[in-house]
Amino acid sequence: MKSETEELKTRIKELSSQAVKFSKKPTEVCLIDWEQAKQFRQQAREASKRCQLLMQELKRQ
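Just so it is clear, the model here is predicted, and its values are computed rather than measured. (Residues numbered from 1 in each chain as written. Predicted model: local features only at pLDDT ≥ 70, side-chain atom pairs only at ≥ 80, totals over all residues. Heavy atoms only, no water.)

**Notes on the overall build of the chain**
This is how it is decided: A run of H or I in DSSP counts as a helix once it spans at least four residues, and a run of E counts as a strand once it spans at least two, with each numbered from the N terminus. Think of it in three bands: with a 1.4 Å probe and only protein chains considered, a residue is buried below 20% of the maximum accessible area for its type, exposed above 50%, and partly exposed in between. Values of accessible area rely on a 1.4 Å probe in the Shrake-Rupley scheme; residue burial ignores everything except the protein chains shown.
Of regular secondary structure, the chain possesses one helix and zero strands. Every one of the 61 residues in the chain was classed for burial, and the buried ones make up 0%. On the chain, roughly 6100 Å² of surface is accessible, and the fraction owed to carbon and sulfur atoms is 60%.

If you want it as structure tokens, here you go:
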């Protein structure tokens, strides 16, 4: 049978492990969102460039 001290140490290790795992989650999500945000910004730039080209073409007509 484990002593109360050993049980506390075991529980501390478990909670510490959970804390580390949970602290990494926001970083993972941020990286995913950042990457997606980067892609959206790139798509927006490309759409803007295409729009400007079409506006120039329209002015020429």
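Here the narrative resumes, following the displayed structure.
**Notes on the pattern of salt bridges**
Here is the rule: What counts as a salt bridge is simple: a side-chain nitrogen of Lys or Arg found within 4 Å of a carboxyl oxygen of Asp or Glu.
Enumeration according to the criterion identifies one salt bridge in this entry. Here E14 makes a salt bridge to R11, at a shortest N to O gap of 3.2 Å. Here the residue E14 and the residue R11 both occupy positions in helix α1 (residues 4-60), the gap between them amounting to three residues, near one helical turn.

**Brief notes about a positive patch on the surface**
Using the following cut-off: For patch detection, residues must exceed 30% relative accessible area and be free of salt bridges, and they are connected within 9 Å for like charges or within 5 Å for nonpolar side chains (Val, Leu, Ile, Met, Phe, Trp, Tyr). Under this rule, positive means Lys or Arg and negative means Asp or Glu; His and the chain ends count for nothing. Charge coordinates come from a single atom per side chain, which is NZ of Lys, CZ of Arg, CG of Asp or CD of Glu.
Residues K38, R41, R45 and K49 make up a contiguous surface patch of positive charge. Structurally, R41 is set in helix α1. Look at R41 and you get partly exposed, because its relative accessible area is 41%.

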